[in-house]
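Examination of the molecular architecture
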Amino acid sequence: MPDVRIEATINGRRIARNAKPHLRLLDFLRDDLGHTGTKEGCGAGECGTCSVFVDGVLLKSCLVPAAKAQGTTIETVEGLAKAGELSVLQQAFHKAGASQCGYCIPGMVMAATAALRANPFAGREEIKERLGGNICRCTGYQKIFDAVELARDVTNGRRPASALAEEDQADGAFIGANVRRLDAPSKVSGALKYAGDMVMPHMLHMAVLRSPHAHARIVSIDTSQAEAMAGVEGVITCADVPGVDGFGVFVHDQPIMARGKVRYVGEQVAAVASEDPLIARRALAKIKVVYEPLPAVFDAHEAMKSGAPALHEYAPDNLVKHIPIRVGDIAKGFADSDLIVEETYSTQQVEHAYLEPEAGLAYVDHDGVVTILSPSQNITHHRHMLSRIIAQPINKVRFIMSPVGGGFGGKEDMVYQGMLALMAMKTRRPVRLVFTREESIITTAKRHPSRTTYKMGLTRDGRITAVEITMISDGGAYGMSTEGVMRKAAILAAGPYAIPNVKVDTYGVYTNNTPSGAFRSFGALQSQFATETHLDICAEKLGLDPFEIRRINAMRDGATTHTKQTLKSVSLTRALDAAEKAARWEAGAPISRGTTRSDLGGEGTRPSCTLGARLAPSATRPKSEVA
Amino acid sequence: MLICDEYLMPASLDEAFDAMSAHRGQHRIIAGATDTLPWAREGRAGDVEVPVLIDVSKIPELNERRVDGAHVRLGAAVPIQRFLDDPALARAMPVMPQCAVWFADDQIRETATIGGNVINASPAADGTPPLIAHGARVKLAAKRGGKIERRKVALSDFILGPGKTALQDDELMVGLECDALPGYGASFEKVGHRRSLVISLVCLAVLVKLDASKQRIADARLAIGGIGPVPQRLSEVETFLCAGPLTAERLEQAADMPVALVASRSRQEYRREVVRGFMLRALMTAVRHAGGRDILAPELEAAYA
């Protein structure tokens, strides 16, 4: 395997190195040279976390073979801040609050730098277009565009340099004040190290063998050929678990690695560690797993039927959790109504799509403490679970939370930290695992897909007399946060409305799909989608304005919820008033409107996507500003 | 993961052919690599072990870019972004800048090559319909018996099906020869799930030349992608557009003509709707771009503006 020779200038310094011929420029910069400000978010050119300048041209370094770097001049995010002084753009990102989790930010700063280098007078539409190759999951982009416009104006002298400084505020007054984030400089400069950026001496790289089957019995796992490969330092399976295997948030139903059978495509079956990530990947192919496929179930309704394939012995009915709520007399409520509306609502599985794929680094320290560093959103809980799984006292287990490059609930489950701990214990060496984007999507928890049947009784004047709600949610192969999600969905199912008679049932069900887990709003989204859509339909049937039907039924200060919680203050009607005003809402029932609506478009609304801002005649720089 | 034992960057066509014959059956040609690297990942080809990668992007002949009277000569390794930043190219191939701005994103366009886009033979390739509208011929070369042999194939004949071309095992695509069409009004339409970095569900390239009266189309060139296994030129529509005066009725009738061609594997009904809308908007825009008056009814002109 002849190495390729790379002689290049990187951030102003000459380098001369040999590199493996299969490396991408991204690998060369990060692993060979330690420029970890350049991130890997997808490895497929989709996300832009790896953007760098090559001979002045911005490229996605995950799509550039390292060999192409020969003879070039490269600039990474580390090269933008000269002598520790942030560039105008970096300062503008800081000022505008453009960085949140920060994982996309080095790439975003690079793309913004490229945009303003290409056209120092670029308008907002052109800026958007030039940043089109970079994805941010936190901000919604507006603050990023604000930052680029701020930097443009400061550079062009349209705004003073002081616009980049923190605004004065009264001592201790933070609400309503524009406060800069303390951690932003480390993010805009690329200095912040996420778990996948961290290295330790003698560190191994781990790769994971995953199930190709949705449901299968594991007849045998033969790791001998992988163990025998030169460069393989360790292979683990569930047989390496010394304690009581099983993790989860409410029920500990998930083994560290598949035990006896696999329950979804992508489930971890075995793992290999090597100094060379390529050897680890190649060793996976040498592990022989014999599976006996089992009937599988992919729909929550099907899984609830008798005779459906059962995933877990403890739950022959595939039920993770049923949450019932009963208030008042539902039959009487419907009898008292003038109108009954019944509909079914479905929501789909959703991936969190944080820009930082899962990553972790584990080692056993000098005192024998098993230490796991990862962007876990729940380290204390993980620590307690792992202590039992690896049969170590709690003071011999340590979790360190690394910066979370976006979580949204998706990093609450201890999906891979257990494997890292086992491998570090087995090899007595530091071990790092970095998920590929594909692994992250295939294996980690998703938002629960749901199907909700909604029956609502109303009087002619719009008052709700009764609701009956049944939500069936696909929990996937393991319990994870399903119980909590079902509780929250049930508690919020009937919305913020004062309804005298309520019957709610939420069911979380096992299927052979990817496990469902925590995701922003934690079950509320699914029920709110059903409730609010249903209210719009009811408003239409009753000839009522959608805002009005909500005001009629809104809980007010002092209301008691369906779960007997007294609410001292309820802001719903104020929120409705504000939304109505901001939307310039055209009052009336939806059916009363003609073909045109006066409340669409106008100030504050955004036009749909277009491209070609730079092709328009107005894209050229204003005459008055040509030097 | 794309794994190779050797990465070669030949400096000439001769060196490239020598490398190809030395590693016959063991090599893969790459240029921009923007499609090959994502292809070698889970869910697509998985880990791919190729003994030798031959990177042809540095070969001078493959980087040619020349407007030569009636023709434009493009090397296969010319990056897509050049259509946005080379004014001579943009004048001679008026539809290409509009195509380029919708193509992937700025960063990928800097390395993704026009030759790679053609060779991949994706039914949804953005670059191919505009090239077909420009009457592109694919220039191929092979080294046989110590001599470099060359041939040209019309692009519409070169692409045989999804991922299939008329390229022979020992051949390299060295470039394209296109009709220079300065003064034509142009329009490129594309729809996908988002704005950047998206595969076309439908894409359409339109070029029109008006006669002196501006009341009649003197020449029309249309090609469409994403609606079937291969991009295609819409010759019947072209003939119809030139057959009579430029009226709203003619444009609307022309817009209906390719609807029946939709033969994609999925979402046919949606694509039919899109095709008609794209045809109307693209024709309207191209006619305006060529200096013509508004043709469609005012509400349609406004809706598509």
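So, the overall build of chain A
- Across its full length, chain A carries 17 helices and 20 strands.
- Radius of gyration (C-alpha) of chain A: 28 Å, near the 25 Å computed for a compact globule of 627 residues.
- Counting only C-alpha atoms, chain A reaches 85 × 75 × 50 Å along its principal axes.
- Looking at chain A residue by residue over its 627 residues, the buried ones come to 49%.
- Look at the contacts in chain A between residues 6 or more apart in sequence, and 75% of them connect residues 24 or more apart.

Overview of the domain arrangement of chain A
Residues and elements named next belong to chain A.
- The domain boundaries assigned to chain A delineate domain 1 (1–75), domain 2 (80–166 + 183–192), domain 3 (204–294 + 353–439) and domain 4 (308–351 + 446–553).
- Distance between the C-alpha centres of domain 1 and domain 2: 23 Å.
- At the junction of the two partners, domain 1 supplies 12 residues and domain 2 supplies 12 residues.
- Every element with two or more residues in the side of domain 1 that touches domain 2 is listed here: strand S3 (51–54) and strand S4 (57–60).
- Split into classes, the residues belonging to the side of domain 1 that touches domain 2 amount to 4 nonpolar, 6 polar and 2 charged.

A word on the environment of Glu-42 of chain B
- Secondary-structure assignment places Glu-42 of chain B in the loop between helix H2 (36–39) and strand S3 (48–55).
- A tally of 17 C-beta atoms within 10 Å means that Glu-42 of chain B is categorised as partly exposed.
- Taking the C-alpha atoms as reference, Glu-42 of chain B lies 22 Å from Ala-125 of chain B; in sequence the two are 83 residues apart.
- The contacts of Glu-42 of chain B, once residues within four sequence positions are left out, are Thr-436 and Glu-438 of chain A.

Quick word on the sheet that holds strand S10 (residues 268–274) of chain A
Residue and element names in this part refer to chain A.
- Reading across from one edge, S8-S10-S6-S17-S14-S15-S16 is the order of the 7 strands in this open sheet, with mixed pairing throughout. Of all strands in the sheet, those with a lone pairing partner are strand S8 (232–236) and strand S16 (397–401), marking the two edges. Within this sheet the neighbouring strands show an average axis-to-axis angle of 20°, counted without direction.
- Here strand S15 (residues 370–374) runs beside S16; their pairing, made up of 5 bridges, is parallel. For Val-370, the partnering residue across the bridge sits in S16 and is Val-397.
- Lying on the sheet, helix H8 (residues 277–284) is in contact with strand S6 (204–210), S8 and S10; it crosses S6 at an angle near 25°.
- Across the sheet, helix H12 (residues 417–427) lies against S6, S8, S10, strand S14 (359–364), S15 and strand S17 (431–434), angled at about 35° from S14, the strand it touches most.

Remarks on helix H5 (residues 142–155) of chain A
Residues and elements named next belong to chain A.
- Helix length check: H5, at 14 residues, gives a terminal C-alpha distance of 20 Å against a target of 20 Å (1.5 Å per residue), a fit within 8%.
- Lining the buried residues of H5 we find helix H2 (88–96), helix H3 (105–118) and helix H4 (124–130).
- The positive-phi residue at the C-terminal boundary of H5 is Gly-157, with phi of around 80°.

Observations regarding the sheet that holds strand S1 (residues 2–8) of chain B
Residues and elements named next belong to chain B.
- What the 3 strands build is an open sheet, ordered S1-S3-S2; its pairing is parallel. Looking along the sheet, the strands with just one partner apiece sit at the ends: S1 and strand S2 (27–30). Going from strand to strand, the sheet's axes swing by 40° on average, the running direction of each strand aside.
- Looking at chain direction, S1 and S3 are connected through 6 bridges and run parallel. Across the sheet, Leu-2 pairs through a bridge with Val-48, a residue of S3.

Points about unusual backbone geometry
Residues and elements named next belong to chain A.
- The phi dihedral of Phe-408 is positive, around 55°, even though this residue is not glycine.
- Inspection of the secondary structure assignment puts Phe-408 in the loop between S16 and H12.
- When the 21 C-beta atoms within 10 Å are taken as the criterion, Phe-408 is described as buried.
- Of note in the backbone geometry, Lys-564 takes a positive phi value of approximately 70° without being a glycine.
- Inspection of the secondary structure puts Lys-564 in the loop between helix H16 (546–553) and helix H17 (572–582).

Observations concerning the nonpolar core
- With 266 residues, the main nonpolar core has Met-206, Leu-420 and Met-423 of chain A as its most contacted residues.
- Contact partners of Leu-420 of chain A, with chain neighbours within four places excluded, come to Met-206, Gly-360, Ala-362, Ile-372, Val-431 and Leu-433 of chain A.

Some words on the interface of chain A and chain B
- Chain A puts 30 residues into the contact, and the matching count from chain B is 30 residues.
- Breaking the side of chain A that touches chain B down by element, the ones donating at least two residues are S4 and H8 of chain A.
- Broken down by element, the residue count for the side of chain A that touches chain B peaks at 4 residues, all from S4 of chain A.
- The residue inventory of the side of chain A that touches chain B, partitioned by class, reads 16 nonpolar, 8 polar and 6 charged.

Some points on the pairing of strand S18 (residues 450–458) of chain A
Residues and elements named next belong to chain A.
- Pairing of strand S13 (residues 339–347) with S18, which is carried by 9 bridges, proceeds in the antiparallel orientation. Each residue of the ladder has a partner; that of Ser-346, found in S18, is Arg-451.
- Both S18 and strand S19 (residues 464–476) contribute to a ladder of 9 bridges, which runs antiparallel. In the sheet register, Leu-458 faces S19, and the bridge partner there is Ile-464.
- If you look at the hairpin formed by S18 and S19, you'll find 5 residues sitting between the two strands, and Gly-462 has a positive phi there, around 100°.

Quick word on the domain arrangement of chain B
All names here are of chain B.
- The domain boundaries assigned to chain B delineate domain 1 (2–55), domain 2 (60–179) and domain 3 (185–304).
- Using C-alpha coordinates to define each centre, domain 2 is positioned 23 Å away from domain 3.
- Listed per partner, the contact involves 20 residues of domain 2 and 23 residues of domain 3.
- When residues of the side of domain 2 that touches domain 3 are traced back to their parent elements, those giving at least two are helix H5 (96–101), helix H8 (128–133) and strand S8 (159–161).
- In terms of residue count, the dominant contributor to the side of domain 2 that touches domain 3 is H8 (5 residues).

Thresholds applied
Residues numbered from 1 in each chain as written. Chains lettered and ligands numbered in written order. Predicted model: local features only at pLDDT ≥ 70, side-chain atom pairs only at ≥ 80, totals over all residues. Helix = DSSP H or I, 4+ residues; strand = E, 2+ residues; numbered from the N terminus. Rg over C-alpha atoms; globule rule 2.2 N^0.38 Å. Buried ≥ 20, exposed ≤ 12 C-beta atoms within 10 Å, placed from the backbone. Contact = placed C-beta atoms within 7 Å. Domains from an automatic or database assignment. Nonpolar A, V, L, I, M, F, W, Y, C, P; charged D, E, K, R; others polar. Pairing = 2+ DSSP bridges. Axes fitted to C-alpha atoms, helices over the stretch in contact; angles between N-to-C directions. Expected span 1.5 Å × (residues − 1). Core = buried A, V, L, I, M, F, W, Y, C linked by C-beta atoms within 7 Å.

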